[in-house]
Amino acid sequence: MSRPALLAGSAHPALARAIAGALEVSPVDLKSERFPDGERHVELLETVRGRDVYVIQSTAGDPDGALMEALHLADAARRDDAGRVTAVFPYFAYARQDRRAGGRECVAARLVADLVKAAGIDRVVLLDPHSTALEGFFGMPCEIVSAVPLLAEALRPLVTGPAVVVSPDLGGAKLASQLAALLGVPAAHVHKERTGPTRVSARRVAGEVRDRTPLLVDDMISTGSTIKAAAAALVAAGSATPAAAAATHGLFVGGAARTLGETGIGRFIVTDSLPGPAPGIPLATVGVAPLLSGAIARLCGA
Ligand code: R5P
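Presented here is an overview of the structure given in this document. The model shown is predicted, which means the values in this text are computed figures rather than measured ones. (Residues numbered from 1 in each chain as written. Predicted model: local features only at pLDDT ≥ 70, side-chain atom pairs only at ≥ 80, totals over all residues. Heavy atoms only, no water.)

1. Thoughts on the overall build of the protein
The helix and strand inventory of the protein stands at eight helices and 14 strands. The globule rule puts the C-alpha radius of gyration for 302 residues at 19 Å, and the 20 Å found for the protein is close to it. Here the protein, with 302 residues, has 49% of them falling under the buried criterion. Partitioning the intrachain contacts of the protein with sequence separation of at least 6 by distance along the chain shows that 65% fall at a separation of at least 24. Per element, the accessible surface of the protein, about 13,400 Å² overall, is 52% carbon and sulfur. Within the protein, one finds 30 positive and 30 negative side-chain charges whose respective centroids are separated by 6 Å. (Helix = DSSP H or I, 4+ residues; strand = E, 2+ residues; numbered from the N terminus. Rg over C-alpha atoms; globule rule 2.2 N^0.38 Å. Buried < 20%, exposed > 50% of the residue type's maximum accessible area, 1.4 Å probe, protein only. Contact = heavy atoms within 4.5 Å. Areas by Shrake-Rupley, 256 points an atom, 1.4 Å probe, with all protein chains shown as cover. Lys, Arg positive; Asp, Glu negative; His and termini not counted. Charge placed at Lys NZ, Arg CZ, Asp CG, Glu CD.)

2. A closer look at the sheet that holds strand β8 (residues 163-167)
The seven strands are arranged β10-β9-β8-β11-β12-β13-β14 in an open sheet whose pairing can be described as mixed. For this open sheet the edge positions go to β10 (199-206) and β14 (283-286), each flanked by a neighbour on one side alone. Between one strand axis and the next, the sheet turns by 25° as a mean value, whatever way the strands run. Note: β8 against strand β11 (residues 213-221), four bridges, orientation parallel. Note on β11: the bridge partner recorded for A163 is T213. Against the sheet, helix α5 (residues 173-183) engages β8, β9 (187-196) and β11, with an angle of about 160° to β8. (Pairing = 2+ DSSP bridges. Axes fitted to C-alpha atoms, helices over the stretch in contact; angles between N-to-C directions.)

3. Remarks on the sheet that holds strand β1 (residues 5-8)
In spatial order, the strands read β1-β4-β5-β6-β7; together these five strands make up an open sheet with parallel pairing. Strand pairing shows two members of the sheet lacking a second neighbour, β1 and β7 (142-145), which therefore form its edges. Strand-to-strand, the axes of this sheet are offset by a mean angle of 20°, without reference to chain direction. Relative to strand β6 (residues 123-127), strand β5 (residues 84-89) runs parallel, the two sharing four bridges. If you follow V88 over to β6, its bridge partner there is V125. With respect to the sheet, helix α1 (residues 13-23) is in contact with β1 and β4 (52-56), its orientation differing from that of β1 by roughly 170°. In this fold helix α2 (residues 63-79) packs onto β1, β4 and β5, with an angle of close to 165° to the strand it touches most, β5.

4. Digging into the packing of α1 against helix α8 (residues 289-301)
Two numbers describe how α1 lies on α8: the axes approach to 9 Å, and their chain directions differ by 55°. Considering the angle they form, α1 stands oblique to α8. Taken as a pair, α1 and α8 cross one another with a handedness that is right-handed. Along its contact with α1, which presents L15, A18, I19, A22 and L23, the element α8 presents A289, L292, S293, I296 and A297. Of the residues in the contact of α1 with α8, the class split is nine nonpolar, one polar and no charged. (Parallel < 35°, antiparallel > 145°, perpendicular 65-115°, else oblique. Left-handed = near helix turned anticlockwise from the far one by under 90°. Nonpolar A, V, L, I, M, F, W, Y, C, P; charged D, E, K, R; others polar.)

5. A look at α1
Turning to α1, its buried residues are L15, A16, I19, A20 and L23. In a view along the axis of α1, the buried residues occupy a sector of 135°, so they form one face of it. α1 presents R17 and G21 as exposed residues on the side facing more than 90 degrees away from its buried surface. Where α1 is buried, its residues touch β1, β4 and α8. Remark: E24 follows α1 within two positions and exhibits a positive phi of approximately 55°. (Arc of directions from axis to C-beta.)

6. Things to note about the environment of K192
In this structure, K192 sits in strand β9. Linking K192 and D169, residues 23 residues apart in sequence, is a C-alpha distance of 5.2 Å. In contact with K192, not counting residues within four places along its chain, are P168, D169, V200, S201, A202 and T226. One polar contact links K192 to D169, side chain to side chain, over a distance of 3.1 Å. Within the structure, the side chain of K192 is placed 3.1 Å from the side chain of T226, a separation counted as a polar contact. (Polar contact = N/O pair within 3.5 Å; in protein donor to acceptor, adjacent residues only side chain to side chain.)

7. As for the pattern of salt bridges
Opposite charge on two side chains lets them pair, provided their charged atoms get close. Counting across every chain of the model gives 13 salt bridges. A salt bridge links R34 to D62, with the shortest nitrogen-to-oxygen separation between them at 3.5 Å. With R34 in strand β2 (residues 30-34) and D62 in the loop between β4 and α2, this pair connects stretches of sequence that are 28 residues apart. With relative accessibility at 40%, the residue D62 sits in the partly exposed group. (Salt bridge = Lys/Arg side-chain N within 4 Å of Asp/Glu carboxyl O.)

8. Details of the side chain of T226
The topology assignment puts T226 in helix α6 (residues 225-236). Not counting residues up to four positions away in its chain, the partners in contact with T226 are P168, K192, R194, V200 and D218.

9. A closer look at the packing of aromatic side chains
A full pass over the atoms with the stated rule returns two aromatic pairs. An aromatic cluster is defined as three or more aromatic residues linked by ring pairs; in this entry it consists of F89, F92 and F138. (Phe/Tyr/Trp six-rings, centres within 6.5 Å; stacked < 30°, edge-to-face > 60°.)

Shown next, in the form of structure tokens:
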């Protein structure tokens, strides 16, 4: 196995350090700064010539800035004659914009995939992207890793009676089924309609939820509107208030703590694919460094 050269973007240094620690390597020494006019500038302070390079960046918080930094790092590695460049995106922004929902819109997921290729990246690693169909947007090998088994283990102690794993929308039904199979309980999903960036409506529930305790699971919790609408729909359908809501990516933006606090849900579980705790909600975090370092180790050995 060749030793990977890790280029850590600045979006989530703690996760990059944890991945490096698990792989027993030190991240490549580099400089990443902004010029006074706001432009990004990066410089590798040691060579990666001929090496198997992994750019690690979660594109959240400032998704455009984080993405641009990852592209800069990949380009710097490519120009230094790296052997191969892989981008590891623990969270990949823009994945939800995978089609034109209305009229004259940009299909941003495709645009970003094209930018990734243009930066000289040979391969990407994605952790539970919004849709696995995203793979088709990348003209390069795409390794998708899933935190579902980790979420299942975190949820298992909460399965103390009749339970059901519920996706808050149809798009997440497959994820919910996988998690339900691991827990040995049935799966269901809510019919959700998005009526605005922070507004969703959810009424119908598909699956048997009456007199069961739901465990909600989604790929991400952003504003919390989806989880709140799903919890209300479940109670209206005769189930208990969900015991927990779990998601791979906890963005917690736009008043999410207040919105989620209104649901009555007693436990939220996310991974550390994004930095920072969500204030004011009962939150447990599952680490994904072993998962991502394992993927890198596998790819290095290939
Ligand atoms: C959308 O289809 C996603 O899977 C999530 O359900 C959604 O992005 C969550 O967003 P929010 O928390 O803002 O409702």
